[in-house]
Amino acid sequence: MLACSIILTLEGCAVNHFSPSVDSAILGNRTEPVWPPPPQSPRISYLRSISGFSDSDTKTSWLSKIIDTITGKEESTRGILRPYNIFADAGRIYITDPGFQILHVYDMQNQKYLQIKNAGSQRFVSPIGISVDNRGEIYLSDSVLRKVFVFDKEGNFLREIGSPDTLLRPSGIAIHEEKVYVVDTHGHKVSVFSKKDGTMLFSFGHNGTARGEFHFPTNIFIGKDGLLYITDSMNFRVQIFDRDGNVRSAFGRLGDGAGDFSKPKGIAVDSEGHIYVTDAHFDNVQVFDRDGRLLLVFGASGSGNGEMILPAGLFIDKEDKIYVADSYNKRIQVFRYLKGNEKSKIQ
């Protein structure tokens, strides 16, 4: 088992820009941080940060431009204020921003930027959870409106799922085939809905400390193994369930040592089954194996590249790029899990 962390202080950093407003992973001739540091074989590398979307770098949709002009937010909402959750797939990055009360959508391949602020006549209040299905339909939870809103790929509102009668504080979302899994933080459970018609199929969990119970769960991720990985935040642990809501395992405890949790938030799993958890108190990402053994820690408190303050949501895409919502620093940091040979694997 390998457990290590690194604190890097970067001074006099020259920043290069390419679309969107992204900081280059190379500063002069100096390579950006990796974890663990040399001479050990690196497992995680820093790639870049995303802090906003400028008109010179992106083509904004005509509808967004009209709305921005009317609302007077054309400049302010190009940046990211308080990112919470991320989803990335098919060349697109989706970022919920409860600070600006919008969803940022950046199409990297076509260099187009879209922002979604409303679901029909309903203006977002606290957009938190985000997921996208295999048809490109966008699912977003609003924790105050207590609903999940569904949009097509172009951002057109299609329908809503749930209501204040069924959801107390919806947060994380995950989609598997025709089911939508919604973490209900204040309901201390996960509600499962039909994608087809939005009916609730079943729910699992209730308030408690036993395995299978929750105390303010927040985020969810479905791994390649089809299992549900959930941060049970105020029980200071991770719980793993099958798709029917049966608990498989759990790990974690409250503490300030390596492998402990204080404010666990985002969770994701890479292609080889390693479990990543952000902690908003420790300002880092801890990496565990399936049995809950700590393998690696990356990140530290600060605003430099690879550092973070109050990290929240976390997502890992099919290419093992790791997206971290660095909430207080108003940016998304992008890392990569380095695989390909035995020496580069987390062990």
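Given the structure is predicted, the values throughout are model-derived calculations rather than measurements.

The rules behind each value
- Residues numbered from 1 in each chain as written.
- Predicted model: local features only at pLDDT ≥ 70, side-chain atom pairs only at ≥ 80, totals over all residues.
- Heavy atoms only, no water.
- Helix = DSSP H or I, 4+ residues; strand = E, 2+ residues; numbered from the N terminus.
- Buried < 20%, exposed > 50% of the residue type's maximum accessible area, 1.4 Å probe, protein only.
- Contact = heavy atoms within 4.5 Å.
- Areas by Shrake-Rupley, 256 points an atom, 1.4 Å probe, with all protein chains shown as cover.
- Core = buried A, V, L, I, M, F, W, Y, C linked by side-chain atoms within 4.5 Å.
- Pairing = 2+ DSSP bridges.
- pLDDT = per-residue confidence, 0-100.
- Axes fitted to C-alpha atoms, helices over the stretch in contact; angles between N-to-C directions.
- Salt bridge = Lys/Arg side-chain N within 4 Å of Asp/Glu carboxyl O.
- Phe/Tyr/Trp six-rings, centres within 6.5 Å; stacked < 30°, edge-to-face > 60°.

As a further point, take the overall build of the chain. On a plain count of helices and strands, the chain comes out with 1 helix and 32 strands. Across the 347 residues of the chain, 58% fall into the buried class. Considering only contacts in the chain between residues 6 or more positions apart, those separated by 24 or more positions represent 48%. Just so you have it, the chain exposes about 14,600 Å², and 50% of that area is on carbon and sulfur atoms.

Another point: the nonpolar core. Counting residues in hydrophobic clusters, the biggest one holds 66 residues, and the most contacted among them are I44, I275, Y276, F298, I322, I332 and F335. Tallying contributions element by element places strand β29 (residues 294-298) first for this core, with 5 residues. Discounting residues that sit within four places of it in the chain, F335 has contacts with W35, I44, S45, Y46, L47, F298, G306, M308, D320, K321, I322 and V324. Core analysis: the next-biggest nonpolar cluster, separate from the first, contains 12 residues, V190, V192, I220 and I230 among them.

With that settled, consider the pairing of strand β15 (residues 138-142). The element β15 is largely enclosed, with a buried count of 5 among its 5 residues. By the alternation rule, side chains of β15 split into I138, L140 and D142 and Y139 and S141, which are all buried. One ladder, built from 4 bridges, connects strand β14 (residues 127-132) with β15; its direction is antiparallel. For S131, the partnering residue across the bridge sits in β15 and is Y139.

In this model, the chain carries an average pLDDT of 86, and 82% of its residues clear a pLDDT of 70 or more. Counted against residues more than four places away or in other chains, residues 55-60, with its pLDDT under 50, gives 19 contacts. Note that pLDDT drops below 50 for residues 69-76; the model gives that stretch 8 contacts with residues more than four away or on any other chain.

Glancing now at the sheet that holds strand β17 (residues 157-161). Across the sheet, 4 strands lie side by side as β14-β15-β16-β17; this open sheet has antiparallel pairing. Looking at the sheet topology across the chains shown, the edges are occupied by β14 and β17. Averaged over all adjacent pairs, the angle separating strand axes in this sheet is 25°, with direction ignored. Sheet topology places β15 next to strand β16 (residues 147-151); 5 bridges connect them, and they run antiparallel. Bridging across to β16, I138 finds its partner in F151.

Now for the environment of G304. Checked against the element boundaries, G304 lands in the loop between β29 and β30 (311-316). G304 gets classed as buried once you look at its relative accessible area, which sits at 17%. Beyond its immediate stretch of four places on either side in the chain, G304 contacts R331 and Q333.

Inspection of the entire model under this criterion finds 13 salt bridges. D133 is the salt-bridge partner of K195, the closest N and O atoms lying 3.0 Å from each other. One end of the pair, K195, is in the loop between β20 (189-194) and β21 (200-204); the other, D133, is in the loop between β14 and β15, and 62 residues separate them in sequence. Taking relative accessible area as the criterion, K195 reaches 3% and is therefore assigned buried. E137 serves as the salt-bridge partner of R159, at 3.0 Å between the closest nitrogen and oxygen. Here E137 lies in the loop between β14 and β15 and R159 lies in strand β17, a separation of 22 residues in the sequence. On the accessibility criterion, E137 (15% relative accessible area) is buried.

Structurally, R43 can be placed in the loop between β5 (34-35) and β6 (44-52). For R43, a relative accessible area of 10% translates into the label buried.

Enumeration according to the criterion identifies 17 aromatic pairs in this entry. Taking 6.1 Å as the distance between ring centres and 70° as the angle between the ring planes, the aromatic pair formed by F149 and F157 counts as edge-to-face. Looking at F149, the relative accessible area reads 0%, which means it is buried. Taken together through their ring pairs, the aromatic side chains of W35, Y46, Y276, F298 and F335 make up a single cluster.

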